[in-house]
Amino acid sequence: MNYSRFLTATSAARRPSAVRVLTEILNRGPKSLISLAPGSPNPNTFPFKTASITIEDGKTIQFGEEMMKRALQYSQSAGIPELLSWLTQFQVRLHNPPTVQYPPSRGQMDVCVTCGSQEGLSKVFEMLINPGDNILLSEPAYSGTLQALHPLSCNIISVSSDENGIIPKSLQEKLSQWKPEDSQNPMKKTPKFLYTVPNGNNPTGVSLTSDRKQEIYKLARQYDFLIIEDDPYYFLQFNKSWAPSFLSMDVDGRVIRADSFSKVLSSGLRIGFLTGPKPLIERVILHAQVSTMHPSTFTQLLISQLLCQWGEEGFLAHAERVADFYRRQRDAALAAAERWLSGLAEWYVPTAAMFLWIKVKGISDTKKLIEEKAIKKQVLMVPGNVFYVDSSAPSAYFRASFSLASPEQMSVAFQRLAQLIKESL
Ligand code: PMP
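Residues numbered from 1 in each chain as written. Predicted model: local features only at pLDDT ≥ 70, side-chain atom pairs only at ≥ 80, totals over all residues. Heavy atoms only, no water.

**Overview of helix H11 (residues 367–376)**
- Every buried residue belonging to H11 is among Leu369, Ile370 and Ala374, and all of these are buried. Taken end-on, H11 shows its buried residues confined to a sector of 85 degrees, consistent with a single buried face. Exposed residues on H11 whose side chains face more than 90 degrees from its buried face are Lys368 and Lys376.
- Looking at the buried positions of H11, the neighbouring elements they touch are strand S13 (355–360), strand S14 (382–383), strand S15 (397–401) and helix H12 (407–424).
- Downstream of H11 by a residue or two, Gln378 has a phi angle that is positive, lying close to 65 degrees. (Buried < 20%, exposed > 50% of the residue type's maximum accessible area, 1.4 Å probe, protein only. Helix = DSSP H or I, 4+ residues; strand = E, 2+ residues; numbered from the N terminus. Arc of directions from axis to C-beta. Contact = heavy atoms within 4.5 Å.)

Next up, the structure:
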């Protein structure tokens, strides 16, 4: 892979920060090392001394005085070593991409910790997109991604999807305006990447099948584009046999995968991680060096201690309990929709995540219904237009989340909505 052809001039120009490099040496160095180098403050002056955090099985995570000093201090931009090595082993267990065995320049698998997947994704977009670049994405799409892409002035080529995710034929059709060899010619502006949420797409709730992923990866090889696999709902899949990830089939080192602990451990702690070819992950880390510097050391130590206590099996057992909760919530949402919205609307059965994507029959634009009338009736939902590149175009859809409401509340919400739809027809 020629990674340099994908980078913006800004990203290519990033150089390691000399002081950050010293912080890495200090953090890895022996206790006898006398450091007069970095501008790290003296943690003895900090007011926080110890902490004990109770987790759900009644066990605790302890921050003694020494650990607390470390938790309050600057740390490595890629993530603290113990969390990084846990995550790296975990990715090998779950995805085991061929790139694990590759040398760094060929795209060896690398991992870095991010402040949630959103931060990782926005850094990846900034690394890759020059104004006017073409990129591929299936609509409707996660609004956070659309908002991150909008100011970068790229040309978004929308690919159609159905209840099994992106339709490879639609992707092939969009690509047919180029020839595979055009990727060697920068003037031809072949798409740089395809962005996809492969499991429980936000907002549609649908997941890409294994066969489709294979077909899409083949097209990525043919037309030489990267795949950005944004998979925060990976652990919230409702069906037992999980489709292999794009990362797992990445023979070339062209997949950047964004994972998140937001849906299974905490959204407020802001921890996610990127996995991808070393030459690209390195660019993201250099960006972090001059922006966030690193995700909170305290948070990383907290999560790392939890993961060490639990082990991989313990984490997966926890994730399964979380997925069970959302499966029950999904079933309750479907039952409520069936009861009140049958004949008035239609929807897919979500296979992961926390959203029902509902199309209202006979109403071409739900904006007024959702943003004005439903709010007046004390029901909050998201109108469909915010999930489209052109958010001013009418959308017959809306997104209902089943994460927080009880089955009874969902039933009341859909009952009120049904009434409003009938009044609007
Ligand atoms: N991608 C998608 C598809 C999401 O739905 C979300 C959260 N709503 C994110 C990324 C961002 O998640 P995080 O909290 O890890 O930044």
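**Focus: the sheet that holds S15**
- With antiparallel pairing, the four strands of this open sheet are ordered in space as S12-S13-S15-S14. The open sheet has two edge strands, strand S12 (345–347) and S14, and neither has a second partner.
- Judged from the two bridges that link them, S14 and S15 form a sheet pairing that is antiparallel. Each residue of the ladder has a partner; that of Pro383, found in S15, is Phe398.
- Of the strands in this sheet, S12 and S13 are in contact with helix H10 (residues 297–341), which crosses S12 at around 155 degrees. (Pairing = 2+ DSSP bridges. Axes fitted to C-alpha atoms, helices over the stretch in contact; angles between N-to-C directions.)

**Here's the deal with the packing of aromatic side chains**
- Taken as a whole and judged by the stated rule, the model has 17 aromatic pairs.
- Between Phe90 and Phe235 the ring centres are 6.2 Å apart and the planes differ by 15 degrees, which places this aromatic pair in the stacked class. Pair noted here: Phe90 is in helix H4 (residues 81–94) and Phe235 is in the loop between strand S9 (226–230) and strand S10 (255–260), with a separation of 145 residues, a long-range link.
- Arranged with centres 6.3 Å apart and planes meeting at 70 degrees, the rings of Phe235 and Trp242 form a pair that is edge-to-face.
- A relative accessible area of 32% places Trp242 in the partly exposed class.
- Following the ring pairs from residue to residue traces out a cluster consisting of Trp86, Phe90, Tyr234, Phe235, Trp242, Phe261, Phe273 and Phe315.
- Looking at Lys213, its charged tip hangs above the ring of Phe246, at a distance of 5.9 Å from the centre.
- The ring of Tyr234 is capped by Arg257, whose NZ or CZ atom sits 4.8 Å from the centre of that ring. (Phe/Tyr/Trp six-rings, centres within 6.5 Å; stacked < 30°, edge-to-face > 60°. Lys NZ or Arg CZ within 6 Å of the ring centre and 35° of its normal.)

**Points about the pairing of strand S2 (residues 60–63)**
- Here S2 shows a buried face lined by Ile61 and Phe63 and an unburied face lined by Thr60 and Gln62.
- Looking at chain direction, strand S1 (residues 51–54) and S2 are connected through four bridges and run antiparallel. In the sheet register, Thr54 faces S2, and the bridge partner there is Thr60.
- Linking S1 to S2, which pair antiparallel, is a turn of five residues; within it Gly58 sits at a positive phi near 85 degrees.

**Some thoughts on the pairing of S9**
- Across the five residues of S9, five count as buried, placing the element largely inside the fold.
- Taking every second residue as pointing to the same face, both faces of S9 are buried, with Leu226, Ile228 and Asp230 on one and Ile227 and Glu229 on the other.
- Inspection of the sheet shows strand S8 (residues 193–196) paired to S9 by four bridges, in the parallel sense. Note on S9: the bridge partner recorded for Thr196 is Glu229.
- Crossover handedness for the path S8 to helix H8 (residues 210–223) to S9: right-handed. (Right-handed = clockwise from strand over helix to strand, strands pointing away.)

**A word on the site of the ligand**
- Residues in close proximity to the ligand total 13 residues, the closest being Ser117, Asp230, Tyr233, Ser260 and Ser262.
- Asp230 has a polar side-chain atom sitting 2.6 Å from a nitrogen atom of the ligand.
- A distance of 3.2 Å separates a nitrogen atom of the ligand from a polar atom in the side chain of Lys263.
- Isolated, the ligand exposes 400 Å² of accessible area, and the fraction of that covered by the protein chains is 91%. (Near = heavy atom within 4 Å. Polar contact = N/O pair within 3.5 Å; in protein donor to acceptor, adjacent residues only side chain to side chain. Areas by Shrake-Rupley, 256 points an atom, 1.4 Å probe, with all protein chains shown as cover.)

**With respect to the nonpolar core**
- Core analysis: the biggest nonpolar cluster contains 97 residues, and Phe125, Phe193, Phe315 and Leu341 have the highest contact counts within it.
- The element contributing the most residues to this core is H10, with 17 residues. (Core = buried A, V, L, I, M, F, W, Y, C linked by side-chain atoms within 4.5 Å.)

**Some points on the sheet that holds strand S4 (residues 134–138)**
- Strand order in the open sheet formed by seven strands is S3-S11-S10-S9-S8-S4-S5, with mixed pairing between adjacent strands. Either end of the sheet is taken by a strand with one partner, and the two such strands are strand S3 (109–114) and strand S5 (155–159). Each strand of the sheet is rotated relative to its neighbour by a mean of 20 degrees, with strand direction disregarded.

**Section: the side chain of Ser75**
- Tracing the backbone through its elements, the reader meets Ser75 in the loop between helix H3 (65–71) and H4.
- Look at Ser75 and you get buried, because its relative accessible area is 2%.
- For Ser75, the side chain forms a polar contact with the side chain of Thr297, separated by 3.0 Å.
- Other than its neighbours up to four places away in sequence, Ser75 contacts Arg20, Thr23, Asn27, Ile80, His294, Pro295, Thr297 and Gln300.

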